[in-house]
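# Architecture and fold: a report
Single-letter residue listing:
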Amino acid sequence: MRSEVQEKTHSSGAAYRSEMTTVADLLPQREAWERLARSAVEPNPFFEPDALSAAARFIEKGTIWVVAVWREQGGPRELAGLFPLQFGDLRHGLLWPLPSLYVSRMFSSTSAPLICASDPEGVWEAFLRDLGRLCRGGAVLKCPRMPRGRGASIALENVMARQGIRHTWLGGYARPAVESDLSYDAYVARYSSKRRRNLRRAEQLLATHGDVTYHTVEGPGPEAARAYADFLAIEAAGWKGAAGTALAKSETTRNFGEHLFGPQRVADGVTFDILAVSGRAVAVNVNLVRDGVVFAAKSAYDEHFSQASPGTLLDLYLLRRTLDGKVYKRLDSCAQPNHPLAAYWLEEQEVGALFLATTASTPRWYFEAMLLTIRQTRRLREQAKELIARLR
């Protein structure tokens, strides 16, 4: 049940109205939600209905709060913005609630909200103006894992500059990506001669085990369900299974994966790249796709073939389809810093954590106090990780 404060709505003007609701309560508006996802200024498949409902149900114990921004200007209202939220509290070292754009503790590579491409700055303005009225602590906001230089962050930076809103980037990293007009051969020519030679050897070695084929399956559907089952089996049999980090490790993660990638998924937007030897899958990549952008969500390969680098060869298959086949316009690895894929996907996507006041009237002392607390908490976590690493 919603609290009285969280039920409040606030009209930000004639065009937009912001409402605090939950993923579950918004699901009846799935058609409007999916329409927004398909037309967003920046795609984010992790904020689409299948992804957020799976996260709410299986990761967050039933509830994820969202601010829905509706355009109300003649005719039926239209969903123009979707901002999933999580709230830092005493458990995170904070004495006052800190709203933050949602990132799953299990898997999420971007917190870019879904915002209509027709007026991204207007939607940001409505959300920021209303947040303080919709939830406690809404005078400030944290945006973790925000892709820089993309539609959502560009629009937000324009709003902050125009309104004189205090903000700071707390740090970030760059992850492998592909966004190039080169042909596949010209792109691979940028690799070192040694790397190209090793790739040829890997292809030759893999071919000694049988007929090598590559193909892509789009989901959902029976063929996609079989591809997902192959992925789960390969992942569970490898190092992730031994480490307890495979999706099939528990009922919770298994159910989450079934609804996000597997047979319980409702919408389109999931694809499986498969490398097979003599008809048997030895590597499977699971991708989320929206508006021509591939988010490389999960990958697994049969470690019996590790000398032939099947995972790398499958990544290059996707690269070739993108550059020569023009199937996609951009690839995002969703990877952590210093990932081996950086040797093959040569562009970068910069990702940062942004902390901002939601209006120019947010007291400076409050902004600075919350910023100091965030930095101290981050420092303590880093020190704890270092201590744990030394004790292992």
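Residues numbered from 1 in each chain as written. Predicted model: local features only at pLDDT ≥ 70, side-chain atom pairs only at ≥ 80, totals over all residues. Heavy atoms only, no water.

This part covers the state of the cysteines. Summed over the entire model, instances satisfying the criterion amount to zero disulfides. Not engaged in a disulfide, the cysteine Cys 116 finds its nearest cysteine sulfur in Cys 143; these two sulfurs lie 17 Å apart. Looking at Cys 116, the relative accessible area reads 4%, which means it is buried. Just so you know, Cys 135 is unpaired, no disulfide at all, and the nearest cysteine sulfur is the one on Cys 143, 13 Å from it. (Disulfide = S-S within 2.5 Å. Buried < 20%, exposed > 50% of the residue type's maximum accessible area, 1.4 Å probe, protein only.)

Okay, the nonpolar core next. Grouped together as the largest cluster of nonpolar side chains are 91 residues, with contacts concentrated most on Trp 124, Phe 127 and Phe 272. Discounting chain neighbours no more than four positions away, the residues touching Phe 272 are His 215, Thr 216, Val 217, Ala 224, Ala 227, Tyr 228, Phe 261, Val 284, Asn 285 and Val 286. Ranked by size, the runner-up nonpolar core spans 29 residues in total, among them Leu 206, Val 294, Ala 308 and Tyr 317. (Core = buried A, V, L, I, M, F, W, Y, C linked by side-chain atoms within 4.5 Å. Contact = heavy atoms within 4.5 Å.)

Together, Lys 194, Arg 195, Arg 197, Arg 200 and Arg 201 make up a positively charged patch on the protein surface. Locating Arg 201 in the fold gives a position in helix α8 (residues 193-207). (Patch = residues over 30% accessible without salt bridge, like charges linked within 9 Å, V, L, I, M, F, W, Y side chains within 5 Å. Areas by Shrake-Rupley, 256 points an atom, 1.4 Å probe, with all protein chains shown as cover. Salt bridge = Lys/Arg side-chain N within 4 Å of Asp/Glu carboxyl O. Lys, Arg positive; Asp, Glu negative; His and termini not counted. Charge placed at Lys NZ, Arg CZ, Asp CG, Glu CD. Helix = DSSP H or I, 4+ residues; strand = E, 2+ residues; numbered from the N terminus.)

For strand β7 (residues 140-147), a buried count of seven out of eight residues is recorded, marking the element as mostly surrounded by other parts of the structure. Summarising the sheet, β7 and strand β14 (residues 347-357) pair through six bridges and their orientation is antiparallel. Of the residues in β14, the one forming a bridge with Leu 141 is Leu 356. (Pairing = 2+ DSSP bridges.)

Attention now goes to the environment of Leu 354. Position of Leu 354 among the secondary structure elements: in strand β14. Other than its neighbours up to four places away in sequence, Leu 354 contacts Leu 141, Lys 142, Cys 143, Leu 156, Met 160, His 167, Thr 168 and Trp 169.

With that out of the way, let us pick up the pattern of salt bridges. According to the stated counting rule, one finds 20 salt bridges in the structure shown. Notably, a salt bridge pairs Arg 30 with Glu 34, separated by 2.8 Å at the nearest N-O pair. Pair noted here: Arg 30 and Glu 34 are both in helix α3 (residues 30-39), with a separation of four residues, about one helical turn. Across the pair Arg 290 and Glu 48 runs a salt bridge whose closest N-O atoms are separated by 2.8 Å. Of this pair, Arg 290 sits in strand β11 (residues 280-290) while Glu 48 sits in the loop between α3 and α4 (49-58), and the two are 242 residues apart along the sequence. Owing to a relative accessible area of 10%, Arg 290 belongs among the buried residues under this scheme. Looking at Glu 48, the relative accessible area reads 6%, which means it is buried. Within this structure, Glu 19, Glu 72 and Arg 77 form a network of salt bridges that share partners.

Across the protein chain, pLDDT averages 90, with 91% of residues at or above 70. When the criterion is pLDDT under 50, residues 1-14 qualifies, and its contacts beyond four places in sequence or with other chains add up to 28 contacts. (pLDDT = per-residue confidence, 0-100.)

What follows is about unusual backbone geometry. Residue Pro 220 is bonded to the preceding Gly 219 through a cis peptide linkage, with omega at 0°. Looking at the secondary structure, you find Pro 220 in the loop between β9 (212-219) and α9 (222-237). One non-glycine residue, Arg 145, lies in positive phi territory at about 50°. Looking at the element boundaries, Arg 145 is found in strand β7. Even without a glycine there, the phi angle at Cys 334 is positive, about 55°. Turning to its location among the elements, Cys 334 is positioned in the loop between β13 (330-332) and β14. With a relative accessible area of 11%, Cys 334 lands in the buried category.

Turning next to the packing of aromatic side chains. Under the defined criterion, the tally for this structure stands at eleven aromatic pairs. Taking the centre distance of 3.8 Å and the plane angle of 0° together, the rings of Phe 83 and Phe 127 count as stacked. Remark: Phe 127 occurs in helix α5 (residues 120-134) and Phe 83 occurs in strand β4 (residues 78-88); sequence separation between them is 44 residues. For Phe 127, a relative accessible area of 0% corresponds to the buried category. An angle of 85° between the planes, with centres 5.7 Å apart, marks the rings of Tyr 191 and Tyr 344 as edge-to-face. Here Tyr 191, found in the loop between α7 (184-188) and α8, pairs with Tyr 344, found in the loop between β13 and β14; they are 153 residues apart in sequence, far enough to count as distant. Across this residue pair, the class does not change: Tyr 191 and Tyr 344 are buried. (Phe/Tyr/Trp six-rings, centres within 6.5 Å; stacked < 30°, edge-to-face > 60°.)

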